[in-house]
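Structure at a glance
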Amino acid sequence: MAANKSVIAPLTVTNMTVAYQKKPVVRNVSFEVTEGELIGIIGPNGAGKSTLIKAILGLQPSLSGETLVYGKPYKTQRKLVGYVPQRESVDWDFPTNALDVVMMGRYGQLGLFRRPGAKEKAIGMECLAKVGMADFAGRQISQLSGGQQQRVFLARALAQDATLYFMDEPFAGVDAATEKAIIQLLNELKRQGKTVLVVHHDLATVEQYFDSVMLLNGELVAYGPTASTFTEEMLQKAYGGRLTFLKSHASAEDEPVLIAGRG
Amino acid sequence: MKRRMPSSIKRFIMTLLFLVVPVALVVTGCGQGSGAFKDDGKLHVTATIGMISDVAKEIGGDRVEVIGLMGPGVDPHLYKASQGDIAKLEDAKVILYGGLHLEGKMTEIFEKMSKKKSVVPVTKNIPESSLLTTGDGTFDPHVWFDVKLWMSATETIRDTLIENDPAHEAEYRERTDAYLAKLEELDRYAREQIATIPEQGRVMVTAHDAFGYFGNAYAIEVVGLQGISTAAEYGSKDVTALRDMLVERGIKAVFVESSVPKKSIEAVIEGAKKLGHEVKIGGELFSDAMGESGTEEGTYIGMVRHNVDTIVGALK
Amino acid sequence: MLNLITDPNLQWILLGSMLLGISTGVVGTFAYLRKQSLIGDTLAHAALPGICIAFMLTEVKSVGLFMIGAIVAGMIATVGISWITRYSRIKQDAAMGIVLSVFFGLGIVLLTQIQHSSYGNQSGLDKFLFGQAASMTAKDVYTMTSVAVVLIVVCALLFKEFKLISFDPGYARGLGFSVATLEQLLLWLVTIAVVVGIQAVGVVLVAALLITPAVSARYWTDRLGVMTVLSGLFGALSGAIGTWVSAGTAQLPTGPLSVLTATAVFVASVLFGPQRGVIAKLVRRRTAKRDWAAENAKQTGTGVGASAKERGVSA
């Protein structure tokens, strides 16, 4: 569907530059996102994908850059934004269970002082169910497997009921069943009109999962609908020739099949 | 997540640190003067507690310059010599100290100094039979509260001065005789005054077991809250036991000293009040140190008098 | 030991120690979970210059003033620690060590200055550092009560916030919570508990009162709320038993006895904790082994050979 210019974009980033010790990792990245899409952010290792997201969310200081969420500065719109980071670095021995963690997603809505009650618990259970973890509600987080922990944090982000989501490699290190569950979840979010940006590493599934893609390698290589942007030419540009394509002559399609690459 | 401080501010702070710290060190280091005594032909004497320096001043007169290390309110049991103190000890010809482990943390220094000069414990001539022992077998060092014993210390100080400055022997002897006479009178005064307290109430309770000799010499019972040195710990049983004793015997006053916190006594008093017996703080006593210099209580005689008057005033 | 309830001094000591135990237990839970267990030690040492300066400014030996001085110094110390961890690569433990040494060193210098000056009357200063639970009076009980109430109320009101910033501070920031402010507030609560605690058990032992009940509580529950309450209870229990034992024998200081009790509770927790305790683990393992052996025997007992082995794998 064509982007209606009178609708305010859920996310507009202008001139984002981030540096680690004077070396710029993300250089002058600007883009605008269309509502209700699943957007994949892809690029080689060290391309600055996670850094970009962290900078957008203010978790990483930036040299320059402005982030607007639905036209307003990000800081004033936090309630609308949800974030699922890469493998969480939390204390897994913390005395809390899966449901408890998911309910933390509601803390933003509750504000200062108010205690979570039955309503929050219900939302929490609902979100756990959506990620298939309803049976684990009372389980101590230290007793969950890696994939289960990831799902709990996904559920937490869902509980926030945000309209714009950032997810950093949600499919990393999860089994096929979990991956299927996650993509189903993302599609449901899309159906609800929400927007999700996903840092993704598996080039083979990009066309299947995402409406738009952002190719990043320090600088913005390309941003646009998957069909027109996720092309061999663009990919080679982003990955600097580290990809191998299999050209299938016998096939009627023009599209080469990507069989190997270091993403 | 790390917030990065602007590097200009970082640099400013680092510079500040590298400049300020060394300067501060140098300034404080230079603070103490070198050469503790005025070089003017007098005999240089460094003493520890005020009771000793006061006596030394009295019998030395113009012939000596006396520096005392421990001022009013200082606890000799816990006192640690500073760099400045070492200088004062080095520059003296004579060092006078209490001995009997009163200056518990300075033993090594005295040993070191004794190789080069006269280092004399003023209690050395007191016969062992006159000394009290504490619970753990050591001697109680608070001898100055028995004026007769302190008279012996006075004589020891005199002899030390004569040894180091024989030229003025006659003067020292004359001044000592005059001073001893005053001490005799003080001793009599104390005995008479204490005797005016009715026998049943003749008990003094203090936060510190420093008055053993006083009690012995002047016939008054002494009960303490803590052990002999101020480092001893006490527990709730000690507090309740003491309070019960006060209530039982109807003792009207307890005493605090200049070098020990009031808190321990206050708890006992408040507890007694709750049990219906009024005990008040009888006044502040001097134990390990004297009063402010320049005042009456800043001299040995004045201090003992103050203690006696305070005790008598509260218990009579 | 009816004494404890009727005897006025023992009453005060008992109440004071219990209230202190509750205070340190509750805030200690958060300190422990945030891996700031030695903050108690750091703040206690950092208090010394505050006490000295309070004395130098007012020339009065008042416990109330000392406490204010200690709290101010402690608060400055916590700001210093946060500052160091935030703006440099130095981690919490080193930051705490640095602050502890600098503040305490400064304190010793000031203390020596006071000792050698004509202020005199200063031995109350280091007595403050040794702590003396046995000399608690009604006034102390009021102080302890107010502190305990304030601490409990704030921790209850901000429970979910404290839980969040202790578990996932990054996420908390994302939600819009001012993590720095909340962390600082928590540290200040700890400071108050520590300064009040110094009076009872002294500088060196107050760290134990902060950590031990919390660690013990962890062995009995997996829920933060329960853990906090339990930690407070263990703290109170330690205070009570410490008072009780020292009330029976002379020359046994109350404060250190409370700490020893807390340690005993800890040892008991490590041994007998239902899930994580040593004995529970041993029993579980032995039961599992037994069950496994029994099941194995059952399978091979029916003599179905290979397929029995397959079935036996359904552990």
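The rules behind each value
Residues numbered from 1 in each chain as written. Chains lettered and ligands numbered in written order. Predicted model: local features only at pLDDT ≥ 70, side-chain atom pairs only at ≥ 80, totals over all residues. Helix = DSSP H or I, 4+ residues; strand = E, 2+ residues; numbered from the N terminus. Buried ≥ 20, exposed ≤ 12 C-beta atoms within 10 Å, placed from the backbone. Contact = placed C-beta atoms within 7 Å. Nonpolar A, V, L, I, M, F, W, Y, C, P; charged D, E, K, R; others polar. Pairing = 2+ DSSP bridges. Expected span 1.5 Å × (residues − 1). Domains from an automatic or database assignment. Axes fitted to C-alpha atoms, helices over the stretch in contact; angles between N-to-C directions. Core = buried A, V, L, I, M, F, W, Y, C linked by C-beta atoms within 7 Å. pLDDT = per-residue confidence, 0-100.

From N to C terminus, chain B includes 10 helices and eight strands. The buried share among the 316 residues of chain B stands at 44%. Taking all contacts inside chain B whose residues are at least 6 apart in sequence as the whole, residues at least 24 apart take part in 68%.

In terms of helices and strands, chain C carries 14 helices and zero strands. When the backbone C-alpha atoms are referred to their principal axes, chain C occupies close to 95 × 55 × 35 Å. In chain C, buried positions account for 51% of the 315 residues. Within chain C, residue pairs in contact and separated by at least 24 positions form 72% of the contacts whose partners lie at least 6 positions apart.

Attention now moves to the interface of chain C and chain A. In this complex, chain C contributes 18 residues to the contact, which on the side of chain A involves 17 residues. Of all the secondary structure elements, the ones that give two or more residues to the side of chain C that touches chain A are helix H8 (159-167), helix H9 (169-175) and helix H11 (224-248) of chain C. Across the side of chain C that touches chain A, the residue classes tally to seven nonpolar, four polar and seven charged.

This brings us to the pairing of strand S2 (residues 23-33) of chain A. Residues and elements named next belong to chain A. Pairing of strand S1 (residues 11-20) with S2, which is carried by seven bridges, proceeds in the antiparallel orientation. Of the residues in S2, the one forming a bridge with valine 18 is valine 26. Once S1 ends, the chain turns through two residues before running back antiparallel as S2, passing glutamine 21 with a positive phi of about 45°.

With that out of the way, let us pick up the environment of isoleucine 51 of chain C. Here isoleucine 51 of chain C lies in helix H3 (residues 39-58). A sequence separation of 10 residues divides isoleucine 51 of chain C from lysine 61 of chain C, and the C-alpha atoms of the two residues are 9.7 Å apart.

Residues and elements named next belong to chain B. Along strand S1 (residues 43-47), five of the five residues are buried, which leaves the element largely enclosed by surrounding structure. Because side chains alternate across S1, one face comprises the buried residues Leu43, Val45 and Ala47, and the other comprises His44 and Thr46, equally buried. Two strands pair when backbone bridges link them, and S1 and strand S2 (residues 64-68) are joined in this way by five bridges, in the parallel orientation. Within the sheet, the bridge partner assigned to valine 45 lies in S2 and is valine 66. Pairing of S1 with strand S3 (residues 94-97) involves three bridges; the strand directions are parallel. When the bridges of S3 are listed, threonine 46 appears paired with isoleucine 95.

To continue, consider helix H6 (residues 169-195) of chain B. Taking 1.5 Å per residue as the helical rise, H6 of chain B with its 27 residues ought to reach 39 Å, and the 39 Å between its terminal C-alpha atoms agrees with that figure. By the burial criterion, the buried members of H6 of chain B are Tyr172, Thr176, Leu186, Ala190 and Ile194 of chain B.

Residues and elements named next belong to chain B. Taken domain by domain, chain B holds domain 1 (43-187) and domain 2 (191-315). Summarising the inter-unit geometry, the C-alpha centres of domain 1 and domain 2 are found 25 Å apart. With 26 residues of domain 1 in contact, the opposing surface of domain 2 contributes 24 residues. It is helix H2 (residues 50-60) that provides the largest number of residues to the side of domain 1 that touches domain 2, a total of four residues.

A separate point is the sheet that holds S2 of chain B. Residues and elements named next belong to chain B. With parallel pairing, the four strands of this open sheet are ordered in space as S2-S1-S3-S4. Strand pairing shows two members of the sheet lacking a second neighbour, S2 and strand S4 (118-121), which therefore form its edges. Taken pair by pair, the neighbouring strands of this sheet meet at an average axis angle of 20°, ignoring direction. In this fold H2 packs onto S1, S2 and S3, with an angle of close to 170° to the strand it touches most, S2. Across the sheet, helix H5 (residues 147-164) touches S1, S2, S3 and S4, and the angle it forms with S4 is around 170°.

Moving on: the nonpolar core. Grouped together as the largest cluster of nonpolar side chains are 229 residues, with contacts concentrated most on Val102 of chain A together with Leu96 of chain B. Counting residues per element, this core draws most heavily on helix H10 (residues 179-218) of chain C, which supplies 23 residues. Those residues in contact with leucine 96 of chain B that lie beyond four places of it in its chain are Val45, Ala47, Ile52, Ala56, Val120, Val122, Ile157 and Thr160 of chain B.

On to the domain arrangement of chain C, then. Under the domain assignment used here, chain C contains domain 1 (3-210) and domain 2 (283-312). Domain 1 of chain C and domain 2 of chain C are separated by 57 Å when their C-alpha centres are compared.

In this section: unusual backbone geometry. Phi is positive for phenylalanine 113 of chain A, which is not a glycine, with a value near 80°. Within the secondary structure, phenylalanine 113 of chain A is located in the loop between helix H3 (107-110) and helix H4 (118-130). Look at leucine 100 of chain B: it is not a glycine, yet its phi comes out positive at around 55°. C-beta crowding within 10 Å serves as the criterion here: with 18 such atoms nearby, leucine 100 of chain B is assigned to the partly exposed category.

Below, the discussion takes up the sheet that holds S1 of chain A. Residue and element names in this part refer to chain A. Reading across from one edge, S2-S1-S4-S5 is the order of the four strands in this open sheet, with antiparallel pairing throughout. Edge positions in the sheet fall to S2 and strand S5 (72-73), since each of these pairs with one other strand and no more. Set on the sheet, helix H1 (residues 49-56) makes contact with S1, S2 and strand S4 (64-69); between it and S1 the angle comes to about 115°.

Should the pLDDT be low somewhere, the predicted coordinates at that spot are not to be read in detail. Residues and elements named next belong to chain B. Residues of chain B with pLDDT of at least 70 account for 90%, and the chain-wide mean is 84. The least confident element of chain B is helix H1 (residues 7-31), whose mean pLDDT is 72; the most confident is H6, at 94. Note on residues 227-231: pLDDT under 50 across the span, and 15 contacts to partners over four residues away in sequence or across chains.

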